[in-house]
Each structure stands twice: as C-alpha cells, then as structure tokens.
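# Tertiary structure, described
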Amino acid sequence: METTTTIKPDERESVITTEQLTKRFAKFIAVDAISFSVKKGEIFGFLGANGAGKTTAMKMLTGLLSPSSGKASVAGFDVYKQAERIKQNIGYMSQRFSLYEDLTIAENIRFYGGVYGLSRTTIADKTGALLQRLQLEHARNALISSLPLGWKQKLAFSVSLLHEPAIIFLDEPTGGVDPITRRQFWELIYEAASEGVTVFVTTHYMDEAEYCDRVSIMVNGRIEALDSPRGLKERFHASTMDEVFVTLARPSA
Amino acid sequence: MKQFWGFVMKEVRHIMRDYRTLVILIGMPIIQLLLFGFAIRNEVTNADIAILDASKDYMTTEITNKLLSSGYFHLSAELASASDIEGVFRSGKAKQVVVFSQNFARDLYKNGTASVQIIGDASNPNMATILFGYTTSIIQDYQFQLAAHRGQNAVLPITPEIKMLYNPELKSVYGFVTGLVGMILLLVSALMTSIAITREKELGTMEVLLVSPLKPPQIILGKVLPYLVLSVINAVTVLLMAQFVFNIPFRGSYGLFFFEIMLYILTALSLGIFISTKAKTQQVAMMISLGALLMPTILLSGFIFPVENMPLPLQIISNVIPARWFLVTLKAIMLEGLGFEYFWKETAVLSGMAIVLIALSMKNFKVRL
Amino acid sequence: MAITAENLGKHFGDVEAVKSLSFHIEHGELFGFIGPDGAGKTTLFRMLTTLMLPDTGSASVLGLDVVREYKNLRNRLGYMPGRFSLYQDLSVEENLRFFATIFNTTIEENYHLIRDIYIQIEPFKKRRAGQLSGGMKQKLALCCALIHKPDVLFLDEPTTGVDAVSRKEFWEMLKDLKAQGITIVVSTPYMDEASLCDRVALIQKGTILNINTPEAIVAEYGKPLFAVKSARMYELLGALRGFSFAHSVYPFGEFVHYTDSRAEAQPEEITAYLAGQGFTDAEAHSIKANIEDSFMALMESPSGQEIP
C-alpha cells in the first residue's frame with residue numbers, strides 16, 4: 001500500500017484516456033472534442049452544470065453509448081469495439097439506482113456477484129468480508145428498504161467493487177447524506193483508491209469536488225478547466241470550488 | 001367558478017397534449033366495433049349440416065342437392081331417426097339439422113303444404129341465424145322454381161319450422177353493441193379518471209393542489225368532467241356506427257338511452273375516483289381498473305356469456321357488476337324498444353350503486369396527504 | 001410570530017419522523033431547516049402546510065392553527081414541495097396561469113412579485129415545463145408558489161438537484177423576496193447554505209440539534225479545530241486517529257479537520273507527531289469551525305452513530 005501511494009500521480013499508468021471524444025445528437029453537440037486522462041488510483045472529479053454533457057460523456061466511457069468521433073480507452077479497452085469488456089472491468093454506482101429495495105443485503109450481494117459471473121464460493125467469501133468491513137453482519141438479512149440512506153450508499157459502493165473493477169464510476173454519490181456518514185463514505189473511496197482502484201466521480205455539488213485529486217469542469221460540452229482543486233482555486237483566485245465553478249459556468253456573472 | 005373552469009381547462013390540456021392516448025380513446029370504440037361487427041357478418045361456407053330425410057322422395061332429394069351444392073353447407077351425416085339429432089349437436093358434427101317430414105312431396109301436392117324443420121345450434125346465435133337464413137332462402141328459391149316449372153303463379157307453401165336449441169331466444173346476436181358500450185365507457189371513465197388523479201399524486205402536484213383554496217369537490221369534478229364528455233362522445237360514436245354501418249336497429253327512446261348512459265358513466269367515474277383514493281401510483285390504479293373492473297365486466301356482465309348460463313356462484317358475483325344491470329337496460333332500449341317500466345329495477349340498482357360510490361369516493365378523498 | 005410549534009410530533013408506524021419539536025419563527029425571517037435526507041424536514045413541512053396531521057403537539061402559522069384553521073391558512077401560504085411540482089406537459093405560461101387561477105388571482109395582479117424571477121424564464125414561456133433545465137424548473141416552481149402573494153413561503157429542498165450556479169441565483173432571489181416582507185422557511189441538506197439564512201435549525205433524525213443564527217452556532221463550537229494536510233490523505237486519517245489526544249478526525253475536502261481533546265493544543269504538536277509517523281509533508285493550522293463541523297460535533301454527542 002505504501003509503495004503505490006508514494007509514486008507521484010504522473011508516473012502511474014493511465015486507465016482512462018480520451019482524445020477529441022465527441023458525441024453529436026442530430027445538430028446538437030453534447031460532448032465537444034474532450035481530451036483528458038485519468039491515472040490508476042486517482043480520484044477524478046467530473047463536474048459540470050445541468051446539461052453540460054457530463055452524463056453523455058460518462059455513458060460513452062462506460063460503454064453505454066457509442067461516440068460520434070474521437071478516441072477513448074477505458075481500462076485498456078476501446079470504447080468503440082470492446083464496450084462489453086469495459087463493462088466487465090468497471091463498477092457503477094449512482095444515488096438514484098443502487099440496490100434493490102425489496103431484497104435483503106445478502107440477496108443483493110449475491111445478485112450482483114452473479115451478474116459479474118463470480119463463483120458461489122467467491123460470493124460467499126466476499127459477502128462475509130464486506131459485511132464485516134461495514135460492520136453490518138447483524139443486518140445480513142435486513143431488507144435494503146429498512147436501512148438508513150447512509151448505509152445504503154456505503155453498501156452500494158462496496159457492492160459495486162465486488163468484482164474488483166479497475167475503475168468505479170460514481171454519479172453524485174453522497175447527495176443528501178448526513179455529514180458524518182458522508183465522510184465515512186469518502187473514507188471508503190480513499191481506501192479503494194489507495195488499493196489502486198480509479199474513482200471517477202460525476203457531481204454538480206462542489207463540496208464533493210473538494211475531495212478529489214483532480215477535477216475537470218465541463219461547460220457546454222467542453223472541458224474548460226482541469227487541475228487539482230487547489231490549483232483551480234489558485235488560478236481563479238477563489239476560496240472554494242463553488243466560486244471556481246460559478247466563474248467558469250457563468251462568465252458574465 | 002373561475003377557479004373551477006381553470007382547473008377543467010388544465011385537464012383538457014393534459015388530455016389534448018397526450019394525443020396518443022386520445023387517439024386510442026376516440027379510436028378504440030370504432031376499431032372494436034368494426035372487429036366485432038365484421039366477425040359477426042362473416043360469410044359462412046361449408047358449414048357442417050346433418051339431414052334427416054324421412055320421405056326420401058324426389059323433392060327432398062332436390063332440396064338436399066340444392067343445399068349441398070350452394071357452397072354454404074357440407075353434409076356431415078345422414079340421420080335415420082330423430083333421436084340422433086341431439087347426438088350430432090353434442091359431438092359438434094353439425095351446426096344445423098334439416099328434417100324433412102314423411103311423405104313430403106305427396107303432402108305438398110295433396111294437402112297443399114309440407115313442412116321442413118330447421119334445427120339450429122343457438123349456443124352460437126350468430127352462426128345459427130346465418131345458417132338459418134341461407135337454408136330458408138334456398139328452400140324459398142326452390143319453391144319459386146317449382147312454381148315456374150309447373151307454370152303456376154301460386155307457390156306451394158313449404159313451411160320451414162325453426163327450432164333453436166340451447167339458446168331459443170337467440171340472445172346476444174346484436175348484444176356485442178351494448179356490451180361494447182359497457183366496456184368502453186368503463187375503460188374511459190374509470191381507468192382514465194383513476195390514472196389522471198393518481199398521476200397528480202405521483203408528480204407531487206397534488207400537494208400543491210391540496211394547499212390551494214380549491215375544494216375537494218372542485219378537484220374531483222374538474223378531473224371527471226372532461227372524461228364525462230369523452231365518454232358521451234364514445235357512446236354516440238358506437239350508437240351511430242351501430243345504426244349506419246351495421247344497420248342494427250335502434251328501437252327505443254333516445255332520451256332513455258342517454259339517461260341510462262349518463263347513469264352508467266356516473267357509476268364508472270365514481271369507481272375511478274374511488275380507485276384513485278386507494279391507489280398511490282398510476283401503475284396500481286391501472287392494475288386495479290383493468291383487473292378488478294374490466295375483466296369481470298367483460299366476463300360476467302353478460303357481454304360474452306349470458307348471465308343465465310353461468311354457474312350460480314358467478315351469477316351471484318355478477319350482481320355487483322354495474323355493467324350487468326346497465327346492459328339489460330341498454331338492450332331493452334336499443335334492441336327491444338321497451339319502455340322504462342321494463343327495466344326500472346335495473347335502473348334502480350344502478351342508481352343505488354352510483355350513489356354509494358359517489359358517497360364513498362367523496363368521503364375517501366383526503367384533504368391531506 | 002409568523003410560525004410557532006409546540007411539541008410537534010409525527011410517526012409512521014414505528015418510525016418517529018418528527019420528535020416533539022418546539023420552535024418559533026419571526027415575521028419576515030429567512031429561516032432554514034438544515035439536515036440530511038430522512039431528518040424529518042419534509043414531514044415537518046407537510047404538517048406546517050396543513051397537508052399532514054400531527055400526532056402530538058400543535059403548530060400555528062400566521063396565527064392560524066394548522067389543524068383547525070387549515071382552510072384559511074391554505075389561502076395565505078405558499079408551498080414548493082421537494083420535487084418541483086409542475087405539470088410537465090403544460091407550458092411555462094400555462095403552469096403559472098393555472099396556479100394563479102386556482103388561487104383566485106391572475107398573473108397580472110401579482111406580477112410585481114415574480115417579475116425579477118419570471119423575466120429570466122419568460123423567453124421560454126411557450127416551452128413545456130418538462131423540457132426545462134433543473135434551474136429553470138426551480139424558478140418556475142418558485143413563481144408558481146408566489147403568484148398568489150402568500151404571507152409565508154415554505155420551500156422544501158428547493159436547491160436539490162440543481163447546479164451550483166442556479167443555486168447561487170436562487171438564494172439571491174430569496175433575499176429579494178425577504179426584502180419584500182415575506183416570511184420564508186426553507187429546508188436543505190446542504191450545510192453550506194446555512195450561512196445564507198437569518199437563523200437555522202440543524203435537524204437530524206427528527207430532532208433539532210441546535211437552533212440559532214449561523215454565526216452563533218459556529219461560535220458555540222467548543223474545541224480547538226485544526227486543518228491538517230498531507231499528500232497521503234487516506235493514511236493521514238489513520239495516523240491522526242492513532243494520536244492519543246485525538247478527539248475527532250474527519251476528511252474535509254483536501255484537508256482533514258482534527259479536534260484535540262486538550263483545550264490548549266498547538267498545530268506544531270500535531271505536525272511533530274505526524275512527522276514522527278513519516279508524514280514529513282504534513283501541515284496543520286488552526287481554523288474556525290463552519291456549520292458542517294458544528295453539525296458533526298452535535299451529531300457525535302450522546303446518541304452517537306446510527307445502526308440499523
């Protein structure tokens with residue numbers, strides 16, 4: 001663990017690279033020639049206003065949508081030709097859809113393990129380890145609907161890591177969660193990143209951005225800025241990411 | 001009042017904007033009527049018949065040949081005695097049996113009359129009527145031929161004697177029209193109203209409506225009024241098509257017709273409101289409307305199966321279905337031209353249901369969440 | 001008093017959504033209920049807006065009892081529920097006109113109230129509400145809630161799901177409305193919005209943790225607080241928790257917020273300890289608490305962590 005973290009981010013291999021990645025819908029250009037790369041073990045914040053093109057870009061990176069032009073590779077696979085391989089090697093969690101409310105914790109874990117083709121014994125081992133780490137052993141047979149939101153979020157995150165993906169995509173993961181649970185959630189993210197998992201977070205909440213190693217800010221389909229939160233704040237003479245974002249997204253204001 | 005009309009206008013906009021649903025709602029009665037109508041008017045060819053010929057003279061042979069060469073019929077059995085008739089119907093071997101009496105030709109010349117008995121299987125009244133029509137016209141044709149051949153003007157009367165087995169009154173020949181009215185009005189009134197109200201709950205707009213000065217009766221009436229109009233349009237569509245496309249007679253009073261229709265729509269609308277007070281989502285409202293209302297209405301109201309032929313438990317259940325009562329009144333007005341004195345009981349039952357349902361749905365409509 | 005609540009409570013089955021809350025809100029105040037999802041904010045708002053009956057206690061809004069005098073009250077309050085309650089298939093203008101009509105008024109009559117907000121969405125007035133962006137929906141919903149000139153306005157999570165720019169604009173609009181004398185009660189899960197309110201109630205699991213001006217709440221923060229930084233964030237958290245004087249350790253963006261159990265702790269002591277643990281790049285400096293620090297400190301006290 002020590003060795004991976006002492007390496008400077010720049011020396012690590014890139015697990016996501018895009019070059020001039022573009023998506024057009026009829027006349028509308030949703031994503032306009034974006035180029036960036038994300039390193040292994042990095043926590044990368046992908047920000048933008050509503051309708052800036054975040055969702056479209058993420059759909060292309062997760063193999064759900066074919067790009068119009070440009071290049072992109074995710075976890076070493078090409079987004080045009082190897083979309084199915086990409087799906088095997090990434091995890092996904094969003095605030096809206098995570099776990100089945102009417103199934104128990106154990107049933108959800110078994111289901112997702114099954115989806116990713118894990119063997120019965122692997123699932124059993126991982127279930128035990130996961131519940132132990134989250135201190136949820138006593139709630140193994142509790143319905144998801146009976147859990148507080150914070151626990152659902154942490155559980156959903158852990159479940160999306162079950163098949164040991166190289167990259168995990170998080171869509172507004174901590175909206176509405178209480179501040180302590182939210183920090184526990186970010187600690188889970190840090191832990192995963194320290195073990196080499198790349199974390200790709202899309203959000204329009206700027207305080208979530210402050211936790212990322214680097215963030216990009218999309219405006220009208222283009223990446224207008226990409227740096228560490230501190231770097232961005234220095235560049236825009238701002239004290240918070242919120243100010244950075246407002247300056248970028250509404251230059252006139 | 002301005003509040004109320006504003007509310008109604010909003011509902012009308014919802015309905016007009018969702019033009020796909022609107023097209024279905026307006027088009028459905030037309031399409032269903034065409035489907036049922038043409039199914040009924042279908043030409044029948046090569047229907048299986050059996051013949052019981054007790055005289056076997058040249059006349060009965062000629063008539064038999066004429067029947068069989070018409071293309072409408074196919075001879076499936078020649079019967080030796082009347083006791084075989086039941087058997088061929090039961091086994092489904094024949095849809096119709098033609099029975100010639102003994103000494104057919106001789107009776108005709110000597111007594112000036114002879115009888116032929118046509119027995120139909122009226123469990124399918126539509127088919128039975130069509131076959132009967134074919135048979136009588138062929139026999140009639142033969143009579144004219146016979147008269148012409150003998151150079152006489154007077155036609156020797158062969159009296160076809162009709163006997164319909166299993167459903168002697170030939171119920172529900174045109175019953176599909178009344179059944180369709182019952183079904184479509186229920187669908188538009190109950191299903192659409194319940195969905196329209198639960199949609200507001202799902203969207204969260206009900207919260208805003210409730211905190212507004214709008215009164216619950218205004219909300220309910222505002223929701224219901226556009227569907228009432230739509231239902232009446234549907235009823236008129238069915239009525240016009242039945243009369244002008246299918247030539248189904250309308251024998252009774254239009255005033256009574258619309259009175260009964262409004263009563264039924266009212267019942268269906270209050271059912272819709274009642275469902276929406278219980279269901280939290282559009283999906284649940286739809287499931288209840290389709291499963292608990294539409295299916296029983298189709299199956300138990302007498303639309304498809306005559307109520308009298310149902311097993312007793314189902315007959316008892318059918319009593320709680322508004323359409324069961326509505327169809328009786330409608331049939332009496334449209335097809336039989338009967339007056340109010342013949343169906344005041346059914347009307348009373350329907351009124352009772354409407355009053356109870358309106359009271360229930362008003363009571364259950366909550367002014368809070 | 002614009003709003004008073006005495007021991008107001010509501011439960012759903014075994015779950016106590018709102019536990020016997022008492023508070024007062026002044027006329028013309030911009031008051032915020034700040035707390036996470038599931039804290040009971042929506043239930044509380046529904047009771048105050050007459051949509052739900054309380055199980056215990058009582059509340060009055062504008063001097064009217066929320067249970068007995070709900071009909072009168074409904075004419076005088078404006079309410080914007082959590083999900084922007086608009087008719088998606090009606091246009092911007094039709095939505096606004098509808099809400100004006102059901103409150104027995106017209107857009108023209110109260111146009112002065114919504115003018116500043118409405119001119120921003122007016123170019124899209126023929127567009128259906130379903131096709132608006134989150135920020136524009138929020139503005140339209142606010143116009144609809146204002147069109148009958150309410151004396152008190154309840155906004156349940158108006159900024160959830162809206163981007164940072166629209167959120168900022170929204171709070172500016174609220175300031176303008178407050179200047180017109182409307183009492184505004186707003187709920188939000190975002191701690192950083194607390195500083196925009198006159199007074200806030202921090203709410204968690206149906207109870208009010210603290211109620212005061214945002215400045216007073218952070219001033220009450222009892223312990224010295226430090227922001228600590230290192231390139232190795234995850235390891236830093238563990239190391240600080242291993243420090244024998246550590247009281248609380250929370251990640252806070254690029255920093256870790258650390259409180260010491262001693263009253264007189266110095267940043268140098270922390271960096272010295274961390275250097276000993278191999279964090280030669282660690283920096284620490286004393287900072288003032290913000291609302292989120294206060295909220296967490298209040299959450300830690302007696303009840304501790306939630307376990308299902």
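Residues numbered from 1 in each chain as written. Chains lettered and ligands numbered in written order. Predicted model: local features only at pLDDT ≥ 70, side-chain atom pairs only at ≥ 80, totals over all residues. Heavy atoms only, no water.

## Some points on the overall build of chain C
Let me state the cut-off plainly: A helix here means a DSSP run of H or I that spans at least four residues, while a strand means a run of E at least two residues long, and both kinds are numbered starting from the N terminus. The criterion used for residue contact is that any of the two residues' heavy atoms lie within 4.5 Å. The protein chains shown are the only cover counted for residues, whose accessible areas, like all others here, come from Shrake-Rupley with a 1.4 Å probe.
Broken down by element type, chain C carries 10 helices and 14 strands. By its C-alpha atoms, chain C is 70 × 45 × 35 Å across when sized along the principal axes. Nonlocal contacts in chain C, meaning residues at least 24 apart in sequence, comprise 69% of its contacts between residues at least 6 apart. About 11,900 Å² of surface is accessible on chain C, with carbon and sulfur atoms providing 50% of the total.

## Quick look at the overall build of chain B
Our working rule: Burial classification: accessible surface area is computed with a 1.4 Å probe over protein chains only, and a residue below 20% of its type maximum counts as buried, one above 50% as exposed, and the rest as partly exposed.
When helices and strands are counted, chain B shows 14 helices and 5 strands. By principal-axis analysis of the C-alpha atoms, chain B measures approximately 90 × 40 × 40 Å. Counting all 369 residues of chain B, 51% fall into the buried class. In chain B, 79% of the contacts between residues at least 6 apart in sequence involve partners at least 24 apart. Accessible area for chain B stands at about 17,200 Å²; split by element, carbon and sulfur atoms hold 64% of it.

## What about the pairing of strand β1 (residues 14-25) of chain A?
All names here are of chain A. The test is simple: Here, a strand pair is defined by DSSP locating no fewer than two bridges between the strands.
Where β1 and strand β2 (residues 28-39) come together, 8 bridges link them in antiparallel fashion. Looking across to β2, one finds that K23 is bridged to V31. Between the antiparallel neighbours β1 and β2 lie 2 residues, among them A26 with a positive phi of about 50 degrees.

## Section: the packing of helix α7 (residues 175-203) of chain B against helix α13 (residues 322-334) of chain B
Residue and element names in this part refer to chain B. Here is the rule we go by: Interaxial angles span 0 to 180 degrees and are taken between N-to-C directions of axes, which are lines fitted to C-alpha atoms, for helices over the stretch in contact. Note on terminology: angles under 35 degrees are roughly parallel, angles over 145 are roughly antiparallel, angles of 65 to 115 are roughly perpendicular, and the others are oblique. Each crossing gets its hand from how the near helix is turned against the far one by less than a right angle, where anticlockwise is left-handed and clockwise is right-handed. Amino acids outside the nonpolar list (Ala, Val, Leu, Ile, Met, Phe, Trp, Tyr, Cys, Pro) and the charged list (Asp, Glu, Lys, Arg) are all regarded as polar, and Gly is one of them.
In the contact formed by α7 and α13, the axes pass within 9 Å of each other and the chain directions differ by 135 degrees. When the interaxial angle is binned, α7 and α13 end up oblique. Crossing angle aside, the handedness with which α7 passes α13 is right-handed. Counted together, G175, V177, T178, G179, V181 and G182 of α7 and F326, L327, L330, K331 and M334 of α13 form the full contact between these two elements. Residues that form the contact of α7 with α13 fall into these classes: 6 nonpolar, 4 polar and 1 charged.

## Describing the environment of A:A249
By secondary structure assignment, the location of A:A249 is in helix α10 (residues 241-249). Separated by 201 residues in the primary sequence, A:A249 and A:G48 place their C-alpha atoms 7.9 Å from one another. Not counting the four nearest positions on each side in its chain, A:A249 is found in contact with A:V219 and C:V165.

## Side note on a nonpolar patch on the surface
Residue and element names in this part refer to chain B. Inclusion rule: What goes into a patch is any residue over 30% in relative accessible area without a salt bridge, connected to like charges within 9 Å or, for nonpolar side chains (Val, Leu, Ile, Met, Phe, Trp, Tyr), within 5 Å. Salt-bridge detection follows one rule: a side-chain nitrogen of Lys or Arg within 4 Å of a carboxyl oxygen of Asp or Glu.
Side chains of I30, I31, L34, L35, F36, F38, L240, F244 and V245 sit close together on the surface and give an oily, nonpolar patch of about 820 Å² of accessible area. Mapped onto the nonpolar patch, the elements with two or more residues apiece are α2 (19-41) and α9 (216-244). Of all the elements, α2 adds the most residues to the nonpolar patch, at 6 residues. Within the secondary structure, V245 sits in the loop between α9 and α10 (254-278).

## Quick notes on the domain arrangement of chain B
Spelled out, the test is: Where each domain begins and ends follows an automated or database-derived domain assignment.
For chain B, the assigned domains read domain 1 (17-40 + 170-368) and domain 2 (47-149). One C-alpha centre belongs to domain 1 of chain B, the other to domain 2 of chain B; they are set 44 Å apart.

## Some words on the packing of aromatic side chains
As a reminder, the rule being used: The rule is short: rings of Phe, Tyr and Trp, with Trp giving its six-membered ring, pair when the centres are within 6.5 Å, and they are stacked under 30 degrees, edge-to-face over 60, tilted in between. Charge over a ring is defined by NZ of Lys or CZ of Arg lying within 6 Å of the ring centre and within 35 degrees of the ring normal.
Scanning the entire structure with this criterion turns up 35 aromatic pairs over all chains. Taking 5.8 Å as the distance between ring centres and 35 degrees as the angle between the ring planes, the aromatic pair formed by A:F36 and A:F46 counts as tilted. Of this pair, A:F36 sits in strand β2 while A:F46 sits in strand β3 (residues 43-48), placing them 10 residues apart in sequence. Judged by centre distance (5.6 Å) and plane angle (90 degrees), the rings of C:F243 and C:F245 are edge-to-face. C:F245 gets classed as partly exposed once you look at its relative accessible area, which sits at 33%. Of note, B:R324 hangs over the ring of B:W325, and the distance from its end group to the ring centre comes to 4.4 Å.

## Examining the sheet that holds strand β5 (residues 77-78) of chain A
Strand pairing in a sheet is mediated by backbone hydrogen bonds. Such pairs are either parallel or antiparallel. Residues and elements named next belong to chain A. Strand order in this open sheet of 4 strands is β2-β1-β4-β5, and the pairing throughout is antiparallel. Of all strands in the sheet, those bounded by a partner on one side alone are β2 and β5. Of the strands in this sheet, β1, β2 and β4 (69-74) are in contact with helix α2 (residues 54-61), which crosses β1 at around 120 degrees.

## What about the nonpolar core?
This is how the line gets drawn: Here, nonpolar core refers to any group of buried Ala, Val, Leu, Ile, Met, Phe, Trp, Tyr and Cys residues whose side-chain atoms link them within 4.5 Å.
Core analysis: the largest hydrophobic core is formed by 162 residues, its most contacted members being C:I3, C:F33, C:L142 and C:F154. Sequence-distant contacts of C:I3, that is, excluding residues within four places in its chain, are made with C:F23, C:H24, C:I25, C:L48, C:S60, C:V61, C:V152, C:F154 and C:V185. Core analysis: the second largest hydrophobic core is formed by 70 residues, A:F245, C:F226, C:A239 and C:I270 among them.

## A word on the interface of chain A and chain C
Test applied: Take the accessible area each of two parts loses on contact, using a 1.4 Å probe, and add the two losses: that sum is the buried area. In protein, a polar contact means a hydrogen-donor-capable atom and an acceptor-capable atom, both N or O and within 3.5 Å, with residues adjacent in sequence counting only if both atoms are side-chain atoms; elsewhere, any N or O pair within 3.5 Å suffices.
In this complex, chain A contributes 38 residues to the contact, which on the side of chain C involves 40 residues. Among the residues of chain A in contact with chain C, A:I180, A:R183 and A:Y205 are the three that bury the most area, contributing 18% of the side total. Linking chain A to chain C there are 5 salt bridges. Where chain A meets chain C, there are 7 residue pairs in polar contact (both at pLDDT 80 or more). If one sorts the elements of the side of chain A that touches chain C by residue count, helix α7 (residues 179-194) of chain A sits on top with 10 residues. Class assignment for the residues of the side of chain A that touches chain C results in 17 nonpolar, 10 polar and 11 charged.

## Quick notes on the interface of chain B and chain C
Tallying the contact residues gives 25 residues for chain B and 32 residues for chain C. Across the interface of chain B and chain C, roughly 2,700 Å² is buried in total on both sides, 58% from carbon and sulfur atoms. Looking only at chain B, the three residues that lose the most surface to chain C are B:R17, B:V211 and B:R368, adding up to 27% of its buried area. At the junction of chain B with chain C, the criterion picks out 4 salt bridges. As a salt-bridge pair, B:R17 and C:E94 come within 2.8 Å of each other at their nearest N and O atoms. Viewed at the interface, chain C and chain B are joined by 16 residue pairs in polar contact (both at pLDDT 80 or more). Counting residues per element, the ones that place at least two in the side of chain B that touches chain C are α1 (2-17), α7 and α8 (205-211) of chain B. With 8 residues, α1(B) is the largest single contributor of residues to the side of chain B that touches chain C. Its residues placed into classes, the side of chain B that touches chain C shows 10 nonpolar, 6 polar and 9 charged.

## Topic: the environment of B:Q315
All names here are of chain B. With respect to the helices and strands, the residue Q315 is situated in helix α12 (residues 312-318). The partly exposed category is assigned to Q315, whose relative accessible area is 25%. As a C-alpha pair, Q315 and L34 span 281 residues in sequence and 30 Å in three-dimensional space. If we ignore the near neighbours within four places in the chain, the residues touching Q315 are V307, E308 and M310. Polar side-chain contacts of Q315 include one of 2.9 Å to the backbone oxygen of M310.

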